[in-house]
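# Close look at the chain arrangement
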Amino acid sequence: MQMWDEITSRALGEGRSYLMEHEAKALLEREGIATTGAEAARSAAEAVEISSRIGYPVVLKVLSPQVIHKSDAGGVKLNLNNAAEVEEAFTEIARAFGDKELAGVAVQKMAPPGLEAIVGLSRDPTFGPVLMFGLGGVFVEVIKDVSFRVLPVTEADLDEMLAEIRAYPLLRGFRGRAVDLPALKDLLLRVSAMVMRRPEIRELDLNPVFLYDKGYVAVDARIFLEQPPASPPPRKITDLRPLFYPGSLAVVGASDTPGKLGWNVFRNLLEHRFPGRLYPVNINARTVQGVPAFPSVGEIDGSVDAAIIIVPAAHTLQAFEDCCRKGIKFIVIESAGFAEMGAAGREMEEKLRRLAEKYGCRFVGPNCSGIINTHHNMVQSLGIVGELGRGNIGLIAQAGVYAAGMLWGMRHTMDFAIVATIGNKADLNETDFLEYLGEDENVAVICMYLEDVKAGRRFIDTARKVAAKKPVIVLKSGRTEAGKKAVSSHTASLAGNDQVYDAAFRQAGIIRAADNEHMFGLARAFSKQPLPAGDGALVVSYTGSWGVAAADALSLSGMRPAELDAETRRRLEKILPPHVGVNNPVDCTFDLNAPQLRDIIEAGLACADVSSFIVVLQAEILHTYARELPGIDFRGKPIVCCVPGKEFAMKEVIALEQAGFPVYSTPEEGVAALSAMYRYAVRHRTVIPGPP
Ligand code: ADP
Ligand code: MG
């Protein structure tokens, strides 16, 4: 404690945020982290004295608050074996850095060679402290083979983190040399614990650490300090259920004029038969779309559970305060023209927040397209939305189009429970909604389209909890490096925005989608099919090449074609034409009729090693399969369909999808969905009903 304060206050007092090697190492040693140490020598004689005390060979390094990369400028002298060499090295360093402010020359033990690694820490604006690990030299410099985890970490997080780097085999052992993994994990845990206790550590580099078959040693250390930002205020906890299932709803700005957004919103509520009381509020209209209107929220008699505001931005604040005064606890602001427009808009959002604080209410948006809850017949969208089935998919979207335009098509092949748009999230954000959807009994799968995440740590903790119950699939846009920040350490320069998101998602058990097609493809599988109990799949294809593609894709994604036992082979022999060999993939050589497909699947259902099916079907006769498949009892074994050219047979594709069979264009997409389900099942050790 004392040493920490002494070293950091000296540095800060001298106006430097950079701790020199001997200072950083002293602090690390106190944490139980092994280093080569470093003692400052002010003269050649002192350097020799230290050297003979600690024992040769030694290393001398420049110590200066102005020199961060010591070896670049010739400030590191390795493998010095006697007093003469130490004296010479000292003189050379003193000469080379004569123009710099010198705190002396560091003298330390020369460490025996080991596998060079880098351990680092940086602070991410969204997720806070982020730990990095990689192997040194070209691995980090050229290949950037590093992995990240958001702190705090568990031991399981560290196992995954280490296994993630491509050079992992070198850690596990290569040509008879392995690394002491328990010691390495202990180092990572100690660094993490130190950083969690010391919010003033902004960046930290141990570069390199030498890893041995027994133990490790940090030979270089850098720490950068910064006054920590004030911690965010404690979160208001609110049960969001009334927002998703309101008994009564006021619509401020509901319009009687077709073409206006306030018309659309109200029309959607009426058309989808919102089950509670609806109060259109419009100063100029006596009725809105046939429903008696109120000139202001205050004039509604009786209590109101939630309100939608869809008026021009300039009138929003007033409308919002009216709702607050009325005692409405949940307000959805669909109006646009706020933070997305610049400083004046941000200020208005700040005012909204203050009002919400004062009146104890929560709000969605602004600049969003409201909430859809098919189980409550509630559609608040800005765009007209056609008929929706009641489903089990929850979608949280940072873009209004997901609750309007995109639904127009998607509703044919997927059924949503809830679609919640978050807009500018001036108050309620993605994590609040995620937490709620985790609880909602009608939601079985959660998709999120995000552009950024607020309060990253809470997001990870919440997602981890929710993902243990239901799959959480996230599409995060803005993957290319944004928000360039000034960084000093090597770690911080590698901890790009997207890498950190990636690490955070992995830690939370989130399934990351590459694009919309991928996200909704995964969602359809999770939403319609049970999880596979094992990794063996039966591939059935109307043609050889697609079957091979499916088998390849299975092997590449941690699954495999199932082993067929003798009984299954006998059954298949009877089903298949005589010229076709019995294999998995079952290749029907362009001759797979629907009854055959049913018989093959029945054979697979009886085979113990088959836990799932991937069937490649012919678009031309898709209607025949679409009639046959729904009649089969799959007994808990999932099936995914691939129909090359499916876009030309959409009627049948929709029929299959609506019967509960996800359909993909290619075997690779189908396998991607199946393997995501398998990984999810393994990760969460979900109890899956086994084969009968
Ligand atoms: P820089 O400021 O340039 O990062 P380092 O202290 O990391 O300087 O030293 C440069 C290199 O010298 C290290 O990557 C390591 O290979 C070697 N080195 C430094 N200190 C020691 C030591 N005590 N024992 C063995 N090798 C060392
Ligand atoms: Mg270094």
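Below: a short report on this structure. (Residues numbered from 1 in each chain as written. Chains lettered and ligands numbered in written order. Predicted model: local features only at pLDDT ≥ 70, side-chain atom pairs only at ≥ 80, totals over all residues. Heavy atoms only, no water.)

## Details of the overall build of the chain
Cut-off, in case you're wondering: The numbering of helices and of strands both runs from the N terminus, where a helix is a DSSP run of H or I of at least 4 residues and a strand a run of E of at least 2. Any residue under 20% of the maximum accessible area for its type is buried, any over 50% is exposed, and the rest in between are partly exposed; the area is computed with a 1.4 Å probe on protein chains only. Whether two residues touch is decided by their heavy atoms; if any such pair falls within 4.5 Å, the residues are in contact. For every accessible area listed, the method is Shrake-Rupley and the probe measures 1.4 Å; residues are considered covered only by the protein chains on display. Positive charges come from Lys and Arg alone, negative charges from Asp and Glu alone, with His and the N- and C-terminal ends not counted. Where a charge lies is defined by one atom per residue type: Lys uses NZ, Arg uses CZ, Asp uses CG and Glu uses CD.
Counting secondary structure elements, the chain contains 24 helices and 31 strands. If you line up the chain on its principal axes, its C-alpha atoms span 95 × 80 × 35 Å. Scored against the burial criterion, the 692 residues of the chain give a buried share of 56%. For the chain, restricting intrachain contacts to residue pairs at least 6 apart in sequence, the fraction spanning at least 24 positions comes to 71%. For the chain, the exposed area adds up to about 28800 Å²; of that, 54% sits on carbon and sulfur atoms. Treating the 75 positive side-chain charges of the chain as one cloud and the 84 negative ones as another, the clouds have centres 3 Å apart.

## So, the coordination of the magnesium ion (ligand 2)
Quick note on the threshold: A donor here means any N, O or S atom no more than 2.8 Å from the metal (3.2 Å for Na, K and Ca); water is not included, so a site may seem to lack partners.
Around the magnesium ion (ligand 2), the protein contributes the donor atoms Asn 207 (O) and Asp 220 (OD), which lie 2.1 to 2.2 Å from the metal centre. Residue Asn 207 is found in strand β9 (residues 201-211), and its partner Asp 220 is found in the loop between β10 (216-218) and β11 (222-225); the two are separated by 13 residues along the sequence. For the pair formed by Asn 207 and Asp 220, the shared burial category is buried.

## Here we look at the packing of aromatic side chains
The test is simple: Note on aromatic contacts: the rings of Phe and Tyr and the six-membered ring of Trp form a pair at centre separations within 6.5 Å, being stacked when their planes are under 30 degrees apart, edge-to-face when over 60 apart, and tilted otherwise.
Inspection of the entire model under this criterion finds 13 aromatic pairs. When the centroid spacing of 5.2 Å and the interplanar angle of 75° are considered together, the rings of Phe 320 and Phe 363 count as edge-to-face. In this pair, Phe 320 sits in helix α11 (residues 313-326) while Phe 363 sits in strand β18 (residues 362-364), placing the two residues 43 residues apart along the sequence. Side by side, Phe 320 and Phe 363 carry an identical accessibility label, which is buried. Between the aromatic rings of Phe 613 and Phe 634, the centroid separation amounts to 6.2 Å while the plane-to-plane angle is 75°, which identifies the pairing as edge-to-face.

## Section: the packing of helix α6 (residues 155-164) against helix α8 (residues 181-197)
Keep this limit in mind: Under this scheme, a helix contributes an axis fitted over its contacting stretch, all axes are lines through C-alpha atoms, and angles between N-to-C directions fall in the 0 to 180 degree range. Crossings are classed by handedness, with left-handed meaning an anticlockwise turn of the near helix from the far one by less than a right angle and right-handed meaning a clockwise turn.
Relative orientation of the contacting elements α6 and α8 amounts to 115°, with a least axis distance of 11 Å. By crossing handedness, the relation of α6 to α8 is classed as right-handed. Facing α6, whose interface residues are Glu 155, Leu 158, Asp 159 and Leu 162, α8 presents Leu 181, Leu 184, Lys 185, Leu 188 and Leu 189.

## Digging into a nonpolar patch on the surface
Note the following rule: Patches draw on residues past 30% relative accessible area with no salt bridge. Two like charges within 9 Å are joined, as are two nonpolar side chains (Val, Leu, Ile, Met, Phe, Trp, Tyr) within 5 Å. Salt bridges are defined by distance alone: a side-chain nitrogen of Lys or Arg within 4 Å of a carboxyl oxygen of Asp or Glu.
A contiguous nonpolar patch, built from Val 138, Val 142 and Ile 143 and spanning about 280 Å² of accessible area, is present on the exposed surface. If you trace the backbone, Val 138 turns up in helix α5 (residues 138-141).

## Things to note about the site of ligand 1
Our working definition: Residues are classed as near a molecule or strand on a simple rule: at least one heavy atom within 4 Å of it. N or O atoms closer than or at 3.5 Å make up a polar contact, with two conditions inside protein: a donor-capable atom paired with an acceptor-capable one, and, for residues adjacent in sequence, both atoms drawn from side chains.
Inspection of the region around ligand 1 gives 20 residues, with Lys 61, Lys 70, Ser 71, Lys 109 and Ala 111 positioned closest. At a separation of 2.9 Å, a nitrogen atom of ligand 1 approaches a polar backbone atom of Lys 109. In this structure, Glu 116 approaches ligand 1 through a side-chain N or O atom, which is 3.3 Å from an oxygen atom. Taking 540 Å² as the accessible area of ligand 1 by itself, protein coverage stands at 86%. Contributions of two or more residues to the shell around ligand 1 are made by β3 (58-63), β4 (76-80), β5 (104-109) and β9. In terms of residue count, the dominant contributor to the shell around ligand 1 is β9 (three residues).

## Describing the pattern of salt bridges
One pass over the full model with this rule turns up 46 salt bridges. For Arg 362, the salt bridge identified is with Asp 427, shortest N-O distance 3.0 Å. One end of the pair, Arg 362, is in strand β18; the other, Asp 427, is in the loop between β22 (416-421) and α14 (430-439), with 65 residues separating them in the sequence. Like Arg 362, the residue Asp 427 is buried in the burial classification. The partner of Asp 452 in a salt bridge is Lys 425, with the nearest N and O atoms 2.7 Å apart. Of this pair, Asp 452 sits in the loop between β23 (445-450) and α15 (456-467) while Lys 425 sits in the loop between β22 and α14, and the two are 27 residues apart along the sequence. Overlapping salt bridges bring together Arg 149, Glu 160, Glu 164, Asp 498, Asp 502, Arg 506, Arg 512 and Arg 683 as one network.

## What to know about helix α1 (residues 2-13)
The criterion, for reference: For a helix, the expected span equals 1.5 Å multiplied by the number of residues minus one. Each direction from the helix axis to a C-beta atom contributes to the arc, which is the arc of those directions.
Taking 1.5 Å per residue as the helical rise, α1 with its 12 residues ought to reach 16 Å, and the 16 Å between its terminal C-alpha atoms agrees with that figure. Those residues of α1 not exposed but buried are Trp 4, Ile 7, Thr 8 and Ala 11. Looking straight down α1, one finds that the buried residues subtend no more than 90° of arc, so they occupy a single side. Residues of α1 that are exposed and point over 90 degrees away from its buried face: Gln 2 and Gly 13. On its buried face, α1 is in contact with β1 (18-19), α2 (21-30), α8, β9 and β11. Backbone geometry just after α1 places Gly 15 at a positive phi near 75°.

## Here we look at the sheet that holds β18
Stated formally: Here, any two strands with at least 2 DSSP bridges between them count as paired.
Pairing is parallel in the open sheet, where five strands are placed in the order β13-β12-β16-β17-β18. The open sheet has two edge strands with one neighbour each: β13 (277-281) and β18. Taken pair by pair, the neighbouring strands of this sheet meet at an average axis angle of 20°, ignoring direction. Bridge count between strand β17 (residues 330-333) and β18: three bridges; the pairing is parallel. Within β18, the position partnered with Ile 331 by the bridge is Phe 363.

## Description of the sheet that holds β22
Reading across the sheet, the seven strands line up as β20-β19-β22-β21-β23-β24-β25 and stay open at both edges, with mixed pairing between neighbours. Looking at the sheet topology across the chains shown, the edges are occupied by β20 (378-379) and β25 (511-513). Relative to β22, strand β19 (residues 371-373) runs antiparallel, the two sharing three bridges. Counted as the bridge partner of Ile 371 is Ala 420 from β22.

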